[in-house]
Amino acid sequence: MKRIFPLGFLPVCFALLSFTAVSGEDGYRLWLRYEAISDTGISRSYHSALQQILVTGNSGTIDAVREELERGLEGMLGKKALFVSQLISNGTLMIGTPESSALIASLPLKDQLQKTGQEGYVIKNCNVFNKACIVIAANNDIGLLYGTFHFLRLLQTYHDIGTTDLISIPSTQIRLLNHWDNLDRTVERGYAGFSLWNWHLLPGYLSPRYKDYARVNASIGINGAVLTNVNANALVLTPQYLEKAAALAGIFRPYGIRIYLTARFNAPVEIGELPSADPLDPRVNEWWEKKITEIYSYIPDFGGFLVKANSEGQPGPQNYGRTHAEGANMLARTLAPHGGIVMWRAFVYDNNIPEDRAKQAYNEFTPLDGKFDRNVFVQVKNGPIDFQPREPFHPLFGAMPNTPMMMEFQITQEYLGQGTHLVYLAPLFKECLESDTYARGKGSEISKVIDGTLENHGYSGMAGVSNIGDERNWCGHPFAQANWYAFGRLAWDLSLTTGTIAEEWIRMTFTNDDGFIIPVKQMMLNSREYAVNYMTPLGLHHIMAMHHHHGPGPWVDEGRPDWTSVYYHRADSTGIGFDRTSRGSNAISQYFPEVRQMFDNPGTCPESLLLWFHHMNWDHTLSSGQTVWEELCHAYYRGVDSVKKMQQTWNSLAGKIDAERFNHVKALLEIQRKESIWWRNACVLYFQTFSRLPIPEELEKPDQTVEYYRNIKKYYVPGI
Ligand code: GCV
């Protein structure tokens, strides 16, 4: 008998098949799953409202509108979208701008369209020549695409579209993902695999994922991507890489996404062979002018630069005795004629160890207020240290009235459980956005600083450090997708509530079944507080392990002081916490008087931030009637118990969604439970070495010693 396959071939084939088999529920489709509508009544009403579609216009963006409708309606209603070129019957979805469509121009939408600006849209039920229509209208094609995604979201979440009458206008103009992606495809603080950008294969091979990335971002209104890490590599500014970036820009363009790059400040030295990168040196200016012109020759709609300067070893203008403003303006001047901007980060700290690192950005930046060019944003992290599970808001918000300020949130969970913890970040984002700076009296919330309304700035923006990688489900943890979603939705509409966003996301990502939505939403809404409890309760911060930041490390005391944990928690035999009051580092002086007074007094300082601002005696009694030590212990234990409850909730939902994602989350929750116990035991035992007090009677005792926890070493943690 002739052997057709060499020995061993068949088993290899089977193995390959099972590895490459991709199920529909592997998380790849994110919130754009477009599952068949299971409710027959709703499905029937959608069918009759959407008998035909009249889209006018001719552009890549309009093609994207058509494509998305085809995909969405086929998935949800199981029918091919019927595109027509004129209004024929009732049940027409009409999409166009007044310029592209005489019919749209004839509708009484002028007032609304005057408000929608460049990117907003109107969705409205209208009677057009006696035909019942749903109209999506905007001033530009990109508004139509955003409106289309909104409309599809209404269908995905089972809204009654028969009464829809809405106008949507973005709260911020620049809504950006900041990728901390390196050219070697590692991702700093990335927990979802390697970078999406396959620089080696670009521009020859254009992965279909690039278009899906653009679709998904457009669906939540994100309109820009900084492709590269703020710890920048100047090579990205060379023609070899610009050609690659231009290929990505070409794919993103129809989806309204502009490309930005990180500019390494001494690029003129590293790739330009100049002896210096002094921003006041005419040769340096000339070099950047040529470079920027070159960039625009590759990417005509290039958005601009994000710059990390004089921070964590990154070069900057201070290396040449110049200010941040002088550095930023040099770039801004050349970008301005092209419509480009500079986002200059305020996350600065240098090698002179400050007495309180929390104060440095404010001290360096407030004297520069009013000195930046018009197209410069100062980009500020939500809190004054570094994306901790809980921080007070950054005192720079409201303190530079003459400078447009851009928010920087971290979507990737560097300090919030990385790739293994279910932590929904919208409550963290909202807590910051809703904080009142009192810059112009009561009602000066950070959301108003960011959307520019507090000081009437022409520019407004919000950036999120991306959590996306090349893992099949994009974000690693299935619930990490919700943080990407929440960031985009909030950047578009700062008034959205955490619950609304969570519910939308659950409905589109998992199911419209209330039996699933209600418990999962509750779990998501509380999850950030749970993490704070088992990691850094009562305002503790920066007590994670060194370098990779995975797991607890309250004992870290080596290296530069402001990278250690002991610098921040200051535990001693009398108590715990960093005294930032007028009696201590006086960091509170950087806040406006109402906020300052509140933080200065331990009686009025929110207990959730107590140890951020105060060094408290172990036996000080808190509002619960418990001492600081007891409350600290209870918070850590509560955190762990909450994770166990999340597990119970999740387990009770078996069968309500696909087994693939259900089991994935289930396994991750078990990791989270173990890691929360690790955090709790390590911290409680370590702080006990200072308090010398017993763990309250009613709490189960850790079964290991503090030495055991100190000796845990994790190798090859992703993200560094
Ligand atoms: C990109 C923290 C992170 C760094 C990050 C830095 C920054 O220090 O640990 O990985 O660097 O913030 O925001 O620049």
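Let me sum up the structure you'll find in this document. Everything numeric here is computed off the predicted structure, so don't read it as measured data. (Residues numbered from 1 in each chain as written. Predicted model: local features only at pLDDT ≥ 70, side-chain atom pairs only at ≥ 80, totals over all residues. Heavy atoms only, no water.)

Remarks on the overall build of the protein
The cut-off we apply is this: Under the DSSP-based scheme used, a helix requires at least four consecutive residues in state H or I and a strand at least two consecutive residues in state E, with every element numbered from the N terminus. In this treatment the radius of gyration is a C-alpha quantity, and the globule benchmark scales as 2.2 Å times the residue count to the 0.38 power. Remark: exposure states derive from per-residue accessible area (1.4 Å probe, protein chains only) relative to the maximum for the residue type, with buried under 20%, exposed over 50%, and partly exposed in between. Pairs of residues are marked as contacts when any of their non-hydrogen atoms sit within 4.5 Å. Areas reported as accessible are Shrake-Rupley estimates using a 1.4 Å probe. Residue values count occlusion only from the protein chains shown. Note on charges: Lys and Arg go in the positive column, Asp and Glu in the negative column, and His and the chain ends are not counted at all. Where a charge lies is defined by one atom per residue type: Lys uses NZ, Arg uses CZ, Asp uses CG and Glu uses CD.
Broken down by element type, the protein carries 23 helices and 15 strands. Taking 720 residues into account, the globule formula puts the C-alpha radius of gyration at 27 Å, and the protein, at 27 Å, falls close to it. The principal-axis extent of the C-alpha atoms belonging to the protein is close to 80 × 75 × 70 Å. Per-residue burial for the protein yields a buried fraction of 61% across its 720 residues. Residue pairs at least 24 apart in sequence account for 73% of intrachain contacts in the protein once pairs closer than 6 positions are excluded. Counting only carbon and sulfur atoms, one obtains 52% of the accessible surface of the protein, whose full area is about 27,600 Å². A distance of 4 Å separates the average location of the 65 positive side-chain charges in the protein from that of its 75 negative side-chain charges.

Here's the deal with the pattern of salt bridges
Basically, it comes down to this: What counts as a salt bridge is simple: a side-chain nitrogen of Lys or Arg found within 4 Å of a carboxyl oxygen of Asp or Glu.
Inspection of every chain in the model, using the stated rule, returns 44 salt bridges. When the shortest N-O distance is used, the salt bridge between R33 and E35 registers 3.9 Å. You can call R33 buried: its relative accessible area is 7%. Given a relative accessible area of 38%, E35 falls into the partly exposed group. With a shortest N-O distance of 2.9 Å, K448 and E445 are connected by a salt bridge. What you see here is one network of salt bridges that share partners, running through E25, R29, R33, E35, D658 and R661.

Describing the sheet that holds strand β1 (residues 52-55)
Sheet strands line up and pair through hydrogen bonds in the backbone, either parallel or antiparallel. Defined as follows: One bridge is not enough; two strands pair if DSSP finds at least two bridges between them. Each axis is a line fitted through C-alpha atoms, and for a helix only the stretch in contact is used; angles between axes span 0 to 180 degrees, taken between their N-to-C directions.
An order of β1-β2-β4-β3-β5 is seen for the 5 strands of this open sheet, with the pairing classed as mixed. Two strands in the sheet have a free side with no partner beyond their single neighbour: β1 and β5 (165-168). Between one strand and the next, the sheet's axes are offset by a mean angle of 20°, whatever the strand orientation. By the bridge criterion, 7 bridges tie strand β3 (residues 121-128) to strand β4 (residues 131-137) in an arrangement that is antiparallel. Note that in β4 the partner of C126 across the bridge is C133.

Some points on the sheet that holds strand β9 (residues 304-307)
The sheet built from 8 strands closes into a barrel, its strands ordered β6-β7-β8-β9-β10-β11-β12-β13 with parallel pairing. Each adjacent strand pair in this sheet contributes to an overall mean axis angle of 25°, direction not counted. Two elements, strand β10 (residues 341-345) and strand β11 (residues 376-381), share 4 bridges in a ladder whose sense is parallel. Opposite R345, over in β11, you have Q379 as the bridge partner. On top of the sheet, helix α11 (residues 324-335) reaches β9, β10 and β11; it is set at about 160° to β10, its chief contact.

Considering the pairing of strand β13 (residues 461-465)
Burial runs high along β13: 5 of the 5 residues are buried. Residues G461, A463 and V465 line one face of β13 and the alternating positions M462 and G464 line the opposite face, and both faces are buried. As judged from the 5 bridges shared by strand β6 (residues 174-178) and β13, these two strands associate in the parallel manner. The partner of L176 across the bridge, within β13, is A463.

Concerning the side chain of D356
Mapping D356 onto the fold places it in the loop between β10 and α12 (360-365). D356 sits in the buried class, given a relative accessible area of 1%. Not counting residues up to four positions away in its chain, the partners in contact with D356 are Y567, F578, R580, S585 and A587.

Let's talk about the environment of L280
Along the chain, L280 turns up in the loop between α9 (267-270) and α10 (282-298). Take L280: its relative accessible area is 43%, and that puts it in the partly exposed class. With 37 residues separating them along the chain, L280 and P317 place their C-alpha atoms 9.3 Å apart. With near-sequence residues (within four places) excluded, L280 lies in contact with N285, R322 and E326.

A closer look at the site of the ligand
The test is simple: The cutoff for a nearby residue is simple: one of its non-hydrogen atoms must lie within 4 Å of the molecule or strand. N or O atoms within 3.5 Å of each other form a polar contact, as long as, within protein, one can give a hydrogen and the other can take it, and as long as residues adjacent in sequence are counted only when both atoms are side-chain atoms. Residues are sorted three ways: Asp, Glu, Lys and Arg are charged, Ala, Val, Leu, Ile, Met, Phe, Trp, Tyr, Cys and Pro are nonpolar, and all the rest, Gly among them, are polar.
Near the ligand, the surroundings consist of 15 residues, among which E188, K308, R345, K381 and E414 are the closest. Residue R345 places a side-chain N or O atom 2.7 Å away from an oxygen atom belonging to the ligand. Within the side chain of E414, one N or O atom sits 2.5 Å away from an oxygen atom of the ligand. When the ligand sits alone it has 340 Å² of accessible area, and the protein chains cover 96% of it. Of the residues in the shell around the ligand, the class split is 4 nonpolar, 3 polar and 8 charged.

Some thoughts on helix α22 (residues 659-691)
How we decide: By this rule the span expected of a helix is its residue count minus one, scaled by 1.5 Å.
Compared with the 48 Å implied by 1.5 Å per residue over 33 residues, the 47 Å span of α22 between its first and last C-alpha is a close match. Phi for R692, located one or two positions after α22, is positive at around 55°.

A few points about the packing of helix α13 (residues 426-433) against helix α15 (residues 480-492)
Put simply, the rule is: Each angle is binned into one of four classes, with values under 35 degrees roughly parallel, values over 145 roughly antiparallel, values of 65 to 115 roughly perpendicular, and all other values oblique.
Across the interface, α13 lies against α15 with an axial gap of 9 Å and an inter-helix angle of 30°. The pairing of α13 with α15 is recorded here as roughly parallel in orientation. Taken together, the residues of α15 that come into contact with α13 (itself represented by A426, F429, K430 and L433) are N483, A486, F487 and L490. Looking at the contact of α13 with α15 residue by residue, the class counts come to 6 nonpolar, 1 polar and 1 charged.

Considering the packing of aromatic side chains
Formally: Pairing of aromatic rings covers Phe, Tyr and Trp, the last counted by its six-membered ring, and requires centre-to-centre distances within 6.5 Å; plane angles under 30 degrees mean stacked, over 60 mean edge-to-face, and any other angle means tilted. Either the NZ atom of lysine or the CZ atom of arginine qualifies as a charge over a ring when it sits within 6 Å of the ring centre and within 35 degrees of the ring normal.
According to the stated counting rule, one finds 39 aromatic pairs in the structure shown. On the basis of an interplanar angle of 70° and a centroid distance of 5.7 Å, the ring pair of W288 and F305 is categorised as edge-to-face. With W288 in helix α10 and F305 in strand β9, the pair connects residues that are 17 residues apart, well separated along the chain. The exposure class of F305 is buried, given its relative accessible area of 0%. Here R472 stacks its cationic end above the ring of Y28, 4.1 Å away from the centre of that ring.

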